[in-house]
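# Chain and residue survey
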Amino acid sequence: MNSASTESAEEVADPAEKGRGWALARYVAASTLVRSADGGAVVAIVLLAQASGLPGWVSGLLGASITAPHLLGPFIARRLDTARDGRKVIALAALVHGVLLGAAGLLLPVTWAAVPAVLLIVSGLFGPMLTGGVSSRLPSIAGPSQRSQRRAQGWDVASYGLSGTLGPAAVAWIAAGPGPLTATLALAAAAIAGAGGVLILPRQDPQVAAADVPSPGRTLLVIWRSGPLRRTLSLTVVVAFAVAVLPIYAVAVAPSLGSAALAGTLVAGYGVGSLTGSAVLMAWPLRGESDRLTAVLALVVAASLAVVLMVPGFVSVLVSFGIAGIANSLFFAATLAARSEHAPAEARGQVFIWVGALKIAAGSAGTAVAGALITGIVWLPVALVAGLTALAGLVSTAERVRSR
């Protein structure tokens, strides 16, 4: 009797598991497409601007036209929580992003730079929808158990890692052959294809009435008043600021390791580490309270940054960059878990997008600060951010313990 009951239960459970697995596969494919378009856009536009004979400072401003508007993304994110079908909102964002990116690429060689810049600014507004907005759909796809949620978050981290690697790599490869305009149009096509992929994800019915969804400013206040969300946001910003220093440090330290060209290898090592961390999360999902995990793993990131400074020789430094990539992947998964578990239902999408947008802004600030400091003592920026990250992790731990 027990055996028959067990077999029957398994027969009932298996289709549900298979359905969730297929939905998760569709999610990873769609999210990787739209995020690759977002992540590779800056490289494509800068290469296209240079090929068009524009000055370096104009190329830089065009690149910033895509990334800077991400900070304004949360102010259009309320629609994601009020919509009857959030998939349509994200798909529309991906479609607009792709169309405007493609139009800017076509116009850039034949018109004033200000015209494509305006298109890129509007396109950049929708960037957070393709990162945090897509991630906000994951909890309804993954299944009810914490283990299934955490494993799905590992796949989400992999999507970010793949898109952050594949997007720029594909742009560089295509630009070296057919040219940077073709690379830009390929990214636009990826965003449009990803929009179609988003539409075939499982529908997530709204959990609250539209009138109960807070404004963007009020949502930020909700985040700040919630201990777990406040700590998640603070640590996310600090860690994003910290790891953004690594590419600048790689460029500065590479000549002393043998060749300036080794900088690319070090950055690739960090990317491989990020993907390795994703694979680890898929096999062994994080366990325990997400609020505690974010603080602990922030300290792990700080330790990995310290290791980068302490090891001698190219191989050791390359391995340390990989370790830093693994640590950041684990930390990122913990922040996704914290957002999923502590975001209120009426502002789930906005919480994801606020954290994602501020993370991007912090990363840009980290790159700028590292560039300013690296001209002096090469190791100084990494040492400073390692100490800052460790301090943030300790403060977060102390605050969590005191709140209990």
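Details of the structure are given in the entry above.
In this report, we go over the structure that sits alongside the text. (Residues numbered from 1 in each chain as written. Predicted model: local features only at pLDDT ≥ 70, side-chain atom pairs only at ≥ 80, totals over all residues. Heavy atoms only, no water.)

Here the focus is the nonpolar core. Membership of the largest hydrophobic core comes to 45 residues, with the highest contact counts inside it found for Leu246, Leu286, Val301, Leu305, Phe321 and Phe331. Leaving out residues up to four positions away in the same chain, Phe321 has contacts with Leu246, Tyr249, Ala250, Leu266, Gly269, Tyr270 and Val308. Formed by 25 residues, the second largest nonpolar core is a distinct cluster that contains Tyr27, Ile141, Ala152 and Val198. (Core = buried A, V, L, I, M, F, W, Y, C linked by side-chain atoms within 4.5 Å. Buried < 20%, exposed > 50% of the residue type's maximum accessible area, 1.4 Å probe, protein only. Contact = heavy atoms within 4.5 Å.)

Turning next to the packing of helix H11 (residues 227-243) against helix H17 (residues 380-403). Two elements in contact, H11 and H17, have axes separated by 9 Å at closest approach and are oriented at 170 degrees. Our classification of the angle between H11 and H17 gives roughly antiparallel. Across from Arg230, Arg231, Leu235, Val238, Val239, Phe241 and Ala242 in H11, the residues of H17 making contact are Val385, Leu388, Thr389, Ala392, Gly393, Ser396, Glu399, Arg400 and Ser403. Grouping the amino acids of the contact of H11 with H17 by side-chain chemistry returns eight nonpolar, four polar and four charged. (Axes fitted to C-alpha atoms, helices over the stretch in contact; angles between N-to-C directions. Helix = DSSP H or I, 4+ residues; strand = E, 2+ residues; numbered from the N terminus. Parallel < 35°, antiparallel > 145°, perpendicular 65-115°, else oblique. Nonpolar A, V, L, I, M, F, W, Y, C, P; charged D, E, K, R; others polar.)

Over its 13 residues, helix H12 (residues 245-257) runs 18 Å from end to end, which matches the ideal 18 Å to within 8%, given 1.5 Å per residue. By the burial criterion, the buried members of H12 are Val245, Leu246, Tyr249, Ala250, Val253 and Ala254. Once H12 finishes, Gly258 follows within two positions and takes phi at roughly 140 degrees, a positive value. (Expected span 1.5 Å × (residues − 1).)

Before going further, it helps to spend a moment on helix H14 (residues 290-310). Look at H14: 30 Å from first C-alpha to last across 21 residues, which is about the 30 Å you get at 1.5 Å a residue. Those residues of H14 not exposed but buried are Ser290, Asp291, Leu293, Thr294, Ala295, Leu297, Ala298, Val301, Ala302, Ser304, Leu305 and Val308. The secondary structure elements touched by the buried residues of H14 are helix H8 (146-176), H11, H12, helix H15 (314-342) and H17.

Our next topic: the pattern of salt bridges. Scanning the entire structure with this criterion turns up six salt bridges. The salt bridge partner of Asp85 is Arg87, with a shortest N-O separation of 2.8 Å. We note that Asp85, like Arg87, is buried. The residue Arg150 makes a salt bridge to Glu341 at a minimum N-O spacing of 2.9 Å. Taken together, the residues span a long stretch of sequence, with Arg150 in helix H8 and Glu341 in helix H15 at a distance of 191 residues. Note on Arg150: relative accessible area 3%, which makes it buried. Given the relative accessible area of 37%, Glu341 is considered partly exposed. (Salt bridge = Lys/Arg side-chain N within 4 Å of Asp/Glu carboxyl O.)

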